[in-house]
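Coordinate analysis (summary)
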Amino acid sequence: MTDPGVTRRFARAVVTGGAGFVGAHLCELLLEEDIEVIAVDNLVTSSADTLDHLRRHERFRFVRHDVTQPMPPDLAADVVFHLASAASPRDYLALPIETLRAGSHGTENALELARRARARFVLASTSEVYGDPLEHPQREGYWGNVNPIGPRSVYDEAKRYGEAMTSAYRREHGTDTAIARIFNTYGPGMRAHDGRMIPAFLDQALKNEPITVTGTGEQTRSICYVEDTVRGLLALARSGHPGPVNIGNPYELTVRQVAERIKDITGSASPIVSVDAVVDDPQRRCPDITLARDALGWEPKIDADDGLRRTAAWFRRAPSR
Ligand code: NAD
């Protein structure tokens, strides 16, 4: 294990979940940074089309593989980003056991690759490990308030297990690990019908259909533009910090305010309507990013209006919407 604070240089990255929304943006950033990229994905919640624009890079390779199975023995890298997991509520509620396996067997297999290759390892964990938090804003030292048997637990507990396995590899094998706790991230490339708030609101607004806010709409979210998130993941990889480190935008909005911003930005005629609350929906979500600022020199740069405008522009053009 090396000291925190060291800036690492990488020649080749493996990105599990590389065909997904965050993964594809991360692959793009790594290629821009002259790092060779191998995206590993079984396409369970994504499509290979996401990677069309990356295939022209000669330093990019796609490997179709389920991370719950041992990694192909010929894979080698000096950094492994482990993002493979269903991530939207619609996906993980439809794939509960697959999600638990991706977080457990999948994380262990990705860690094993990093151990074998003596690579830096970055786990894409989530703010969901804080559950419905009793502390606000959430700092990394907070242990969370998660219902272990509710429907969302398949995702939250898989990520908590993934964090525990990552920490065990660090202690037992000296693997150079890091844990990123990613907060709500949005941007171009999201699927309109994946059940997440921003693509759902944008899709409804652009079709002038009612924008459906769950529950009171007073629950808060802190939304981070995807370019900022992937810069944060790379900054964490390059640091020697083990984490966990919150990667998110501390600018907090109520869900209703997000709906109103999207309605304004798109010039939509949609009414904003309330629908049933979601089971175990967190009421407040806001990262404390002091650690990321101090240890990684990272903070988000793109504000919500700018990010939502860019995302709305992409959704207007997206052929599959
Ligand atoms: P996504 O669904 O767009 O991408 C996930 C990718 O993982 C998909 O391409 C899917 O096919 C792949 N995958 C799932 N199970 C797999 C398996 N067993 N083997 C191989 N590939 C598999 O989700 P996303 O928003 O890009 O999220 C990426 C990661 O970031 C996830 O680990 C998620 O938990 C984490 N994260 C995302 C957010 C967010 O707001 N987007 C917030 C917190 C954490």
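Overview of the structure. Nothing here was measured: the structure is a model prediction, and the numbers come from that model.

A word on the site of the ligand
In the vicinity of the ligand lie 30 residues, with Asp-41, Ser-46, Leu-83, Tyr-155 and Lys-159 positioned nearest. Interatomic distance of 3.0 Å between a backbone N/O atom of Val-44 and an oxygen atom of the ligand. Interatomic distance of 2.9 Å between a backbone N/O atom of Val-67 and a nitrogen atom of the ligand. The protein chains hide 96% of the 830 Å² of surface that the ligand would expose on its own. Breaking the shell around the ligand down by element, the ones donating at least two residues are helix H1 (21-32), strand E5 (120-126) and helix H4 (153-173). When residues in the shell around the ligand are grouped by element, the largest group, three residues, is from E5.

Brief notes about the pattern of salt bridges
Summed over all chains, the structure comprises 19 salt bridges. Note that Asp-176 is salt-bridged to Arg-8, the shortest N-O span being 3.0 Å. Within this pair, whereas Asp-176 is found in strand E6 (residues 176-182), its partner Arg-8 is found in the segment before strand E1 (12-16), the two being separated by 168 residues in sequence. Looking at Asp-176, the relative accessible area reads 13%, which means it is buried. You can call Arg-8 buried: its relative accessible area is 10%. A salt bridge links Arg-310 to Asp-306; the nearest nitrogen and oxygen atoms lie 3.4 Å apart. Of this pair, Arg-310 and Asp-306 both sit in helix H9 (residues 304-317), four residues apart, roughly one helical turn. Residues joined in a network through salt bridges with shared partners are Arg-8, Arg-120 and Asp-176.

Overview of the packing of aromatic side chains
By the definition in use, this model includes five aromatic pairs. Taking the centre distance of 6.1 Å and the plane angle of 40° together, the rings of Tyr-130 and Phe-183 count as tilted. Separated by 53 residues along the polypeptide, Tyr-130 in the loop between E5 and H4 and Phe-183 in the loop between E6 and strand E7 (185-186) bring together distant segments of the chain. Of the two residues, Tyr-130 and Phe-183, both sit in the buried class. Residues Trp-314 and Phe-315 carry aromatic rings whose centres are separated by 5.3 Å and whose planes lie at 75° to one another, so their mutual orientation is edge-to-face. Overall, Trp-314 belongs to the partly exposed group, its relative accessible area being 25%.

Describing the state of the cysteines
One pass over the structure, following the stated rule, counts zero disulfides. Of all cysteine sulfurs in the structure, the one in Cys-224 sits closest to Cys-27, which takes part in no disulfide; the separation is 18 Å. Cys-286 takes part in no disulfide bond, and the closest cysteine sulfur to it belongs to Cys-224, at a distance of 11 Å. When its relative accessible area of 7% is taken as the criterion, Cys-286 is described as buried.

Rules used throughout
Residues numbered from 1 in each chain as written. Predicted model: local features only at pLDDT ≥ 70, side-chain atom pairs only at ≥ 80, totals over all residues. Heavy atoms only, no water. Near = heavy atom within 4 Å. Polar contact = N/O pair within 3.5 Å; in protein donor to acceptor, adjacent residues only side chain to side chain. Areas by Shrake-Rupley, 256 points an atom, 1.4 Å probe, with all protein chains shown as cover. Helix = DSSP H or I, 4+ residues; strand = E, 2+ residues; numbered from the N terminus. Salt bridge = Lys/Arg side-chain N within 4 Å of Asp/Glu carboxyl O. Buried < 20%, exposed > 50% of the residue type's maximum accessible area, 1.4 Å probe, protein only. Phe/Tyr/Trp six-rings, centres within 6.5 Å; stacked < 30°, edge-to-face > 60°. Disulfide = S-S within 2.5 Å.

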